[in-house]
Amino acid sequence: MGFKDKHLLGIEPMRPEAIVEILDLAENYVQLNRSQDKRAEALTGLTQINMFFENSTRTQASFELAGKRLGANVMNLSMEASSLKKGETLIDTALTLNAMKPDLLIVRHPQSGAVDLLSQKVNCSVLNAGDGRHEHPTQALLDALTIRRAKGRLHRLSIAICGDIAHSRVARSNIILLGKMENRVRLIGPSTLMPSEIDDLGVEVFQDMRTGLKDVDVVMMLRLQKERMDGGFIPSEREYYYRYGLNKEKLSHAKGDAIVMHPGPMNRGVEIDGELADDINRSVIQEQVEMGVAIRMAAMHLLARNDKSGKHG
Amino acid sequence: MKTLLTNAKVIDPVTETISDGEVMFEDGVIIPREKADETFDCQGQYICPGLIDLGVKVGEPGERHKESYKSAGAAAAAGGVTTIVTRPDTNPAIDTPEVLEFIRRRAQEVCPVNVFHMVALTKERAGREMTEIGFLKDAGAVAFTDFTNVVKNSKILLRALSYAKSLDALVIGHPQDPDLSDDTSATSGKFASLRGLPSVTPLAERMALDRDMALVELTGVQYHFDQITTARSIPALERAKENGHKITAGTSIHHLTLNEFDIADYRSFFKLNPPLRSENDRLAIIEAVNSGIIDVISSFHTPQDEESKRLPFETAAAGAVGLETLLPASLQLFHNQSVSLGKLIKTMTLNPALLLGLPGGRISPGAPADLIIFDADIPFILDRENLKSKSKNTPFDGQKLQGKVRRTIVAGKTIFEC
C-alpha cells in the first residue's frame, strides 16, 4: 500500500506508507540527479503547468527542473500578472486551463484551501505547491528525506521547529508528517507567532529557545517574513534575533550532532546566524534544495502513475 | 367568515405548552371559539403562530439578483415564516426615511408575508453620524442597527444610544470586537490552526458585549444583541439581565446546529459571520436558550449568489440562507431533545414579537391570524435546488432533516400549502 491518490494536496490525508513510497522513489532520483545524464521518462509526453499565484523563484525552479528531467513539457504561468487582475475567478482560470488538457497542475496560492478548491474543478492531477498558511507537502517530504539521509531514520527523533509557526504552511506540513512518522515535535517561538491550541496536535510548545532546543536531533528554522515585522507580531528584528535567532551558543543546547535546516530563503542575521547557515558540519540547507528536486520528481512520477492506473483500471 | 382549525396540537408560546385543541379566526384575527362557517381538519398536526424571523437580508436595494422581496416572501411562506424583519445592510444602506419608504412600498406590493424593517443606526452604516432616528421611527422602522459594521467609536455609539433612548427606539448590536475580527474567517482553535485560516478569538464577542453593556447601563436604552454564539458571553449576559438592564439576546440557528468542524475542507457555504464556533460553545448556547438567557432564535438569512461563494474560503462571502430551513433545523434540537418544542417556538414567535412590539407571535383572541400548521416528524433530504430563495447557499444541502410546513396562513389567508 503506497501512495494511491490522484492529487497531492497535503500531508494530512496521507498514510505513512504513502510517505515512505515517495521518499524511497526520491532516493533513486537523487542518484540520477547526481549522474551525468539526468534524463528519465516518467512524464514523457505529459504536460505540466506551474501556476504560481504567489511569487516564488526557488520552488518554481525546482518543479520546473523536476518536470523537465522527467521528460514533461513544462509551462510556467505567473498568475500574479495575469487574468486574476482582469477579474477572472480562480475557478474560471482553472476551467480554462483544464480545457487545454494538461496532465499535471502545480499550484501555489496565497489562500488556505484554494488549491483544494481548484482540484475539485479540473480533471488532471493537482499538486499543492503551498496554499496560504495551510500546507506545503513537498517541502515536508523533502525535509523528511533530508532528515532520513542525515540521521539514518525518520522515527523516534526529537525535532524542533522554530520561529513563525502561525503563518507557516511549512511548519504545518512538517508537524503532521513528523507526527505521523512517530517523532517528537517541539515548536519554539514567541506566542504572537504560535497558532492557538496547536498543542492539541501532539506537539510541545516552548517560548524559550534554549529550553526548547535541549537535546533535539534536528533544528528546523523558519523564515520570518518581513510583513510580520511591520504587523506588530514582534517588537523588532534585533530583539527577535536575540531571543529566537539561531547561533552557535543556542545550538549548543541541542545534541552534539544535531542538524540545522531552513526551507529558504533565509534572512541571515534575523532568524539564523550567517556563519552557522554555511557550516557544512551542521547545516543541511543546501542538501534540502537538492532533495527538493528529487522529491518533486518522485511525487510527480507517482501522480502520473496513479492518474494512468485510475484511467485504465 | 369564521374559520375553525380543528384536530390540532396547539403550541402556546406563552406557556410553552402543547395541547390538543382548535383555533378560530375571522377577518384575519384570532377570535374565541364560536359556531364555525368553515372547518379545516389539521389531522393531528402541530399548529403555532407563524415564525417571526428577525434579521433577514433581502437584496433590495442593490442586490436584487441575490434575493428580491418577491423571492424572499415565497421562501418565507414555504418556511412557515409569516413575518420577516429585514436588515439595513443593503446597497445603499437603509438609512434615510426616503429609502425606507421605497422598500416598504416594494415589500407591500410583492411580499405575501408581513414585513418590518430595521434601519441603520449610523449614516451609511459608517459609524460616524447617527441616522435620523426620529424620522425613521415615524416612517415605521422597528429597530436600529449597523449589523456587522460595529460602531468602533464609543463616543459616537454613546450619543446614538442616548438619542435612541430619548425616542424609546430599540437598538440592535452585533457583538464582535471589530479590530480582532477584521479579515478573519474562522474561530481560533485547533480547527483554524490546522486549516491555516486567519481566525478570531471567541473572546472578541465578549469584549464587544462588555463595551456595549456599559453603554446600555449609562443610557438606559433598550438593547438587543443579535447573535450570541460563544460560551464566555453567557455569564456576562446573565448578570446584565439580572441587574435589570433592558437587554435581550438572540442567536442564529446555524450556531445552534453546526460547529466549526462542519467547515471541513473549506466548504464556503459554512462561512458565516460570526464564524462557526466550537462544539462547547454550541452546547453552551443551547443551554442559554433553555434557561432563557437567549431570547430569540433567527435564521440570519443571508442570500449569496454562486459567484460570491465559489471562491477560496478566505475571500468567499459570509452568510447562509435560512428562511426555509429555520423550522426544520430548529426541529433537530427538538428531536435530539436539546430544547422543548414549546421553548423553540417561543424563541421564534412570542419573544421576537415582544421585543419589537409586534401584535403577532401568540395564539390568543385579538392576535393576528398568522398561523402555521406543520408536521414535525416527516423526514426529507434537503436539496438546495428546491429552495424558493433566489440564492441557494444553504449549509444544510444534502442533509437529512425532519419537519415540514403544511400550511402557512397570514392574516387568515392561506399563502402556502403542501
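All values derive from a computational prediction rather than experimental measurement.

Draft legend 1. Spatial organisation of the overall build of chain A. From N to C terminus, chain A includes 12 helices and nine strands. Against the 2.2 N^0.38 benchmark of 20 Å for 313 residues, chain A shows a C-alpha radius of gyration of 19 Å, consistent with a compact globule. Projected onto its principal axes, the C-alpha coordinates of chain A cover approximately 55 × 45 × 35 Å. A separation threshold of at least 6 residues defines the contact pool for chain A, and within that pool the share at least 24 residues apart is 73%.

Draft legend 2. Broad picture of the pairing of strand 8 (residues 218-221) of chain A. Residues and elements named next belong to chain A. Neither face of strand 8 is left uncovered, since the one carrying Val-218 and Met-220 and the one carrying Val-219 and Met-221 both have all their residues buried. Note: strand 5 (residues 158-162) against strand 8, four bridges, orientation parallel. Note that in strand 8 the partner of Cys-162 across the bridge is Met-221. Bridging between strand 8 and strand 9 (residues 259-261) involves three bridges; their strand directions are parallel. Note that in strand 9 the partner of Val-219 across the bridge is Val-260.

Draft legend 3. Focus on the pattern of salt bridges. In this structure the tally under the stated criterion is 38 salt bridges over all chains. Taking the shortest distance from any N to any O, the salt bridge between Glu-22 of chain B and Arg-33 of chain B comes out at 2.4 Å. Note that Glu-22 of chain B is positioned in strand 2 (residues 17-26) and Arg-33 of chain B in the loop between strand 3 (29-31) and strand 4 (38-41), a separation of 11 residues in sequence. Residue Glu-22 of chain B is classed as partly exposed on the basis of its relative accessible area, which comes to 37%. Among the ionic pairs, Arg-87 of chain B bridges to Asp-89 of chain B, the shortest N-O distance being 3.0 Å. Of the two residues, Arg-87 of chain B and Asp-89 of chain B, both sit in the buried class. Taken together, the salt bridges that share partners define one network made up of Asp-24, Glu-27, Arg-148, Arg-149 and Glu-287 of chain A.

Draft legend 4. Spotlight on the sheet that holds strand 1 (residues 47-52) of chain A. Residues and elements named next belong to chain A. Pairing within the open sheet is parallel, and its four strands lie in the order 2-1-3-4. Strand pairing shows two members of the sheet lacking a second neighbour, strand 2 (73-78) and strand 4 (125-131), which therefore form its edges. Averaged over all adjacent pairs, the angle separating strand axes in this sheet is 15°, with direction ignored. Pairing of strand 1 with strand 2 involves six bridges; the strand directions are parallel. Looking across to strand 2, one finds that Ile-49 is bridged to Met-75. Of the strands in this sheet, strand 1, strand 2, strand 3 (104-109) and strand 4 are in contact with helix 2 (residues 58-69), which crosses strand 1 at around 180°.

Draft legend 5. Seen up close, the sheet that holds strand 8 of chain A. Residue and element names in this part refer to chain A. Across the sheet, which stays open at both edges, the five strands sit in the order 7-6-5-8-9 with parallel pairing between neighbours. Looking at which strands have only one partner, the edges of the open sheet turn out to be strand 7 (204-206) and strand 9. On average, each strand axis in the sheet is tilted by 20° relative to the strand beside it, whichever way the strands run.

Draft legend 6. Quick look at empty space enclosed by the protein. Residue and element names in this part refer to chain B. Under the defined criterion, the tally for this structure stands at three cavities of 30 Å³ or more. Considered as a void within the structure, the largest cavity measures approximately 100 Å³ in volume. Elements that contribute at least two residues to the lining of the largest cavity include exactly strand 10 (170-173) and helix 7 (203-219). At three residues, the largest contribution of residues to the lining of the largest cavity is made by strand 10. Residues that form the lining of the largest cavity fall into these classes: eight nonpolar, four polar and three charged.

Draft legend 7. Spotlight on the packing of aromatic side chains. Residues and elements named next belong to chain B. Summed over the entire model, instances satisfying the criterion amount to five aromatic pairs over all chains. Relative to Phe-261, the ring of Phe-191 has its centre 5.3 Å away and its plane inclined at 70°; by these criteria the two rings are edge-to-face. You can see Phe-191 sitting in helix 6 (residues 190-195) and its partner Phe-261 sitting in the loop between helix 9 (253-257) and helix 10 (279-291), a full 70 residues away along the chain. Here the guanidinium or amino end of Lys-271 rests over the ring plane of Phe-313, the centre of that ring lying 5.8 Å away. A cation over a ring is seen here: Lys-404 above Phe-380, with NZ or CZ 4.9 Å from the ring centre.

Draft legend 8. Spatial organisation of the side chain of Gln-176 of chain B. Mapped onto the fold, Gln-176 of chain B is located in the loop between strand 10 and helix 5 (178-181). Leaving out residues up to four positions away in the same chain, Gln-176 of chain B has contacts with Val-150, Ser-181, Val-200, Ala-204, Glu-205, Ala-208, Pro-274 and Arg-277 of chain B.

Draft legend 9. Structural view of the confidence of the model for chain B. Here chain B shows a mean pLDDT of 97. Residues at 70 or above account for 100%. Among the prediction metrics, the complex's ipTM stands at 0.86, with pTM recorded as 0.92.

Draft legend 10. Seen up close, the interface of chain B and chain A. Each partner contributes residues to the interface: chain B has 16 residues there, and chain A has 23 residues. For the chain B and chain A pair, buried surface summed over both sides reaches about 1,700 Å², with 55% attributable to carbon and sulfur atoms. The interface formed by chain B and chain A holds one salt bridge in total. Residue Glu-12 of chain A is joined to Arg-195 of chain B by a salt bridge in which the shortest nitrogen-to-oxygen separation is 3.0 Å. Our count for the contact surface shared by chain B and chain A stands at nine residue pairs in polar contact (both at pLDDT 80 or more). Here the residues of the side of chain B that touches chain A are counted per class, giving six nonpolar, five polar and five charged.

Draft legend 11. Summary view of the nonpolar core. Judged by nonpolar contacts, the single largest core of 95 residues is most densely connected at Ile-84, Phe-225, Ile-228, Ile-345 and Phe-374 of chain B. Ranked by residue count, the leading element in this core is helix 1 (residues 69-79) of chain B, at six residues. Setting aside residues up to four positions removed in sequence, Phe-374 of chain B forms contacts with Ile-11, Gln-45, Tyr-46, Cys-48, Leu-327, Leu-331, Leu-341, Ile-345, Lys-404, Val-405 and Arg-406 of chain B. Counting residues in each nonpolar core, the second largest holds 66 residues, with Phe-3, Ile-198, Val-203 and Met-291 of chain A among its members.

Draft legend 12. Representation of the pairing of strand 1 of chain A. All names here are of chain A. Within strand 1, five of the six residues are buried, which leaves the element mostly enclosed by the surrounding structure. Assessed by its sense of winding, the connection that carries the chain from strand 1 through helix 2 to strand 2 is right-handed. Pairing of strand 1 with strand 3 involves five bridges; the strand directions are parallel. Across the sheet, residue Phe-52 finds its bridge partner in strand 3, namely Arg-108.

Analysis parameters
Numbering of residues starts from 1 in every chain and runs along the sequence as written. Lettering for chains starts from A, numbering for ligands starts from 1, and both go in the order in which the items are written. Selection of residues for local features in this predicted model requires a pLDDT of at least 70, selection of side-chain atom pairs for listing and counting requires 80 or more, and totals for whole chains, interfaces and linings are taken over all residues. Computation of side-chain values covers all heavy atoms of the structure but excludes hydrogens and water. A run of H or I in DSSP counts as a helix once it spans at least four residues, and a run of E counts as a strand once it spans at least two, with each numbered from the N terminus. Values of the radius of gyration come from C-alpha atoms, whereas the globule rule sets the reference at 2.2 Å times the count of residues to the power 0.38. The criterion used for residue contact is that any of the two residues' heavy atoms lie within 4.5 Å. Only protein chains enter the accessibility calculation, which uses a 1.4 Å probe; a residue is then buried when its area is under 20% of its type maximum, exposed when over 50%, and partly exposed in between. Between any two strands, pairing holds if DSSP finds at least two bridges. A side-chain nitrogen of Lys or Arg and a carboxyl oxygen of Asp or Glu constitute a salt bridge if their distance falls within 4 Å. Geometry is summarised by axes, namely lines fitted to C-alpha atoms with helices restricted to the contacting stretch, and by angles between N-to-C directions that run from 0 to 180 degrees. Buriedness of a pocket was judged along seven lines, with at least five required to meet protein on both sides within 12 Å; pockets are open sets of points on a 1 Å grid over the protein atoms alone, cavities are sets where a 1.4 Å probe fits but cannot get out, and lining residues have an atom within 4 Å of a point. Grid points are joined across faces, edges and corners, and a volume is the space filled by probe spheres set on the points. Ten residues, namely Ala, Val, Leu, Ile, Met, Phe, Trp, Tyr, Cys and Pro, are considered nonpolar, four, namely Asp, Glu, Lys and Arg, are considered charged, and the remaining ones, Gly among them, are considered polar. Planes of paired rings set the category: under 30 degrees apart is stacked, over 60 is edge-to-face and the rest tilted, where pairs are Phe, Tyr or Trp rings (Trp by its six-membered ring) whose centres lie within 6.5 Å. In this scheme, the term charge over a ring applies when either NZ of a lysine or CZ of an arginine sits within 6 Å of the ring centre and within 35 degrees of the ring normal. A residue's pLDDT is the predictor's confidence in that residue, given on a scale from 0 to 100. Put simply, buried area is the surface a 1.4 Å probe can reach on two separate parts but cannot reach once they are joined, added for both. What qualifies as a polar contact is a pair of N or O atoms within 3.5 Å, subject to a donor-acceptor requirement within protein and to the restriction that residues adjacent in sequence count only when both atoms come from side chains. As used here, the term nonpolar core means buried Ala, Val, Leu, Ile, Met, Phe, Trp, Tyr and Cys residues forming a set that is joined through side-chain atoms within 4.5 Å. The handedness of a crossover follows from its direction of travel: if, with the strands pointing away from the viewer, the path from the first strand over the helix to the second runs clockwise, the crossover is right-handed.

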